[in-house]
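# Structural overview for review
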Amino acid sequence: MGTSAPWPREATALYRHRRRTYVARIALGQGGSISRRQLYRAGLTRSEVSAEVRSGRWQRLGRQTIGIGDRSELGLWWRALLEVGADGALDGVTALVAAGLRNFEDVVHVSVSKGTRYRRAAGVIVHETRRRRPDDLVEGTPPRVRPEIGAVRGALWARSDRQAALVIAMSVQQRLTTPAPLWDAVESVRRDRRRTLIRSVTEDVLNGAESLGELDFARMCRRAGLPAPDRQAVRALPGGRAYLDCRFDRYAVVVEIDGIHHLEPDNWIADALRQNAVTIGSDSVLRIPVIGLRVLGEEFMEQVRQALVSAGWSKTPLRPAK
């Protein structure tokens, strides 16, 4: 993570100026973070580094890392990598953020190959992995895994099933990865307690409500003690995606189960027009994200129950009139 300084070590004013320029250039490329090893390779001594820190011009960011100038998010990532060492690379959600993921905050995740010697660092979660392959990393700096790998591992390491589903969904919605490589990354997971969930969520994200199917929603209704919908249809969108439209005729309740592509602006408009038209016709319309049924199924089915009850449904069947 550094090269030897391209000038002699004579302690002259010109040498010191060039040395500081060289160090500043390295730090700038790393978001304001630089390792002690890089500083020593640039020709600075331990006492010189300590003097800069004592003066307040530089900041001590960890046992291995010094901060120079203003530090950015890139500097936080480099600080994590320099502190951990070994063959560390940004991974999980951190790799996705480095690839452009928006509106998601988490601690810094770094992966290292299983069995390598690495250092712990404050604010950094280090994951040892047996799955590291040379082509897992994208070209360039800082070292990070490809987005599809980061998405799957981010889901595996998530704090909850809900967060796991969100990581997969956001990586596709924000176009950080495409279906084929994402599915290959999912298939590479052999054993994990979330393997089934991640496969199901990925199918939902890539295929829309077609991955759920009419019979699946009817089965969820029976399990919740609700009547089965009278009419169900998977409807295609202009982009080839689909949603599941279910109607309880007797109660004029419509449930639309949306794939993630309904979040795209063009589909927002079409959805609004369609929902308004149905509502004008006096139907009650519930919209449920298909991923929501995977991770918060009970909560959404309770809303379906409330809509049916409001429309006159009773779990206790009415006795027929004599």
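Only a predicted model underlies this, so the values are computations on that prediction, with no experimental measurement involved.

### Here's the deal with helix α7 (residues 161–173)
The first and last C-alpha atoms of α7 sit 18 Å apart over 13 residues, in line with the 18 Å expected at 1.5 Å per residue. Considered for burial, the residues of α7 that qualify are Gln163, Ala164, Ala165, Val167, Ile168, Ala169, Met170, Ser171 and Val172. Following α7 by one or two positions, Arg175 adopts a phi angle in the positive range, close to 60 degrees.

### Side note on the pairing of strand β5 (residues 108–113)
Within β5, 6 of the 6 residues are buried, which leaves it mostly tucked inside the rest of the structure. Of the two faces of β5, the one carrying Val108, Val110 and Val112 and the one carrying His109, Ser111 and Ser113 are both buried. Here 2 bridges tie strand β4 (residues 89–90) to β5, and the two strands are oriented antiparallel to one another. The partner of Leu90 across the bridge, within β5, is Val110. Both β5 and strand β6 (residues 124–129) contribute to a ladder of 6 bridges, which runs parallel. Note on β6: the bridge partner recorded for Val108 is Val124.

### A closer look at the packing of helix α6 (residues 147–156) against helix α8 (residues 179–187)
Helix-helix packing is described using two parameters, namely the angle between the two axes and the distance between the axes. It is the contact of α6 with α8, at a shortest axis distance of 9 Å, that shows an interaxial angle of 45 degrees. As the angle between them shows, α6 and α8 are arranged oblique. For the pair α6 and α8, the sense of crossing is right-handed. Here α6 contributes Glu148, Ile149, Ala151 and Val152 to the contact with α8, which in turn contributes Pro181, Leu182, Ala185 and Val186. Here the residues of the contact of α6 with α8 are counted per class, giving 7 nonpolar, no polar and 1 charged.

### Side note on the side chain of Arg247
Inspection of the secondary structure puts Arg247 in strand β8 (residues 242–248). In this structure the side chain of Arg247 is engaged in a polar contact, spanning 2.8 Å, whose partner is the side chain of Asp249. In this structure Arg247 touches Pro229, Asp230, Arg231, Ala252, Val253, Val254 and Asp283, once residues within four positions along its chain are discounted.

### Quick look at α8
Leu182, Ala185 and Val186 are the residues of α8 that are buried. Looking straight down α8, one finds that the buried residues subtend no more than 100 degrees of arc, so they occupy a single side. For α8, exposure combined with an orientation more than 90 degrees from the buried face picks out Ala180 and Asp184.

### Some remarks on the nonpolar core
Grouped together as the largest cluster of nonpolar side chains are 60 residues, with contacts concentrated most on Phe217, Phe248 and Val255. Ranked by residues supplied to this core, first place goes to α7 with 7 residues. Within the second largest apolar cluster, 12 residues are counted, among which are Ala27, Ile34, Ala42 and Leu44.

### Re the pattern of salt bridges
Applying the stated rule across the entire model yields 15 salt bridges. The partner of Arg19 in a salt bridge is Glu48, and the shortest N-O contact between them spans 3.3 Å. With a gap of 29 residues between them, Arg19 in helix α1 (residues 13–29) and Glu48 in helix α3 (residues 46–55) connect regions that are remote in the sequence. Residues Arg133 and Asp135 are paired through a salt bridge, measuring 3.8 Å at the closest nitrogen-oxygen approach. For Asp135, a relative accessible area of 46% translates into the label partly exposed. Salt bridges sharing partners connect three or more residues here, namely Asp91, Arg133, Asp135, Asp136 and Arg153.

### A short note on the side chain of Ser111
With respect to the secondary-structure elements, Ser111 resides in strand β5. The exposure class of Ser111 is buried, given its relative accessible area of 0%. Side chain to side chain, Ser111 and Asp91 meet in a polar contact 2.7 Å long. A polar atom in the side chain of Ser111 sits 2.7 Å from the side chain of Arg132.

Thresholds, definitions, all that
- Residues numbered from 1 in each chain as written.
- Predicted model: local features only at pLDDT ≥ 70, side-chain atom pairs only at ≥ 80, totals over all residues.
- Heavy atoms only, no water.
- Helix = DSSP H or I, 4+ residues; strand = E, 2+ residues; numbered from the N terminus.
- Expected span 1.5 Å × (residues − 1).
- Buried < 20%, exposed > 50% of the residue type's maximum accessible area, 1.4 Å probe, protein only.
- Pairing = 2+ DSSP bridges.
- Axes fitted to C-alpha atoms, helices over the stretch in contact; angles between N-to-C directions.
- Parallel < 35°, antiparallel > 145°, perpendicular 65-115°, else oblique.
- Left-handed = near helix turned anticlockwise from the far one by under 90°.
- Contact = heavy atoms within 4.5 Å.
- Nonpolar A, V, L, I, M, F, W, Y, C, P; charged D, E, K, R; others polar.
- Polar contact = N/O pair within 3.5 Å; in protein donor to acceptor, adjacent residues only side chain to side chain.
- Arc of directions from axis to C-beta.
- Core = buried A, V, L, I, M, F, W, Y, C linked by side-chain atoms within 4.5 Å.
- Salt bridge = Lys/Arg side-chain N within 4 Å of Asp/Glu carboxyl O.

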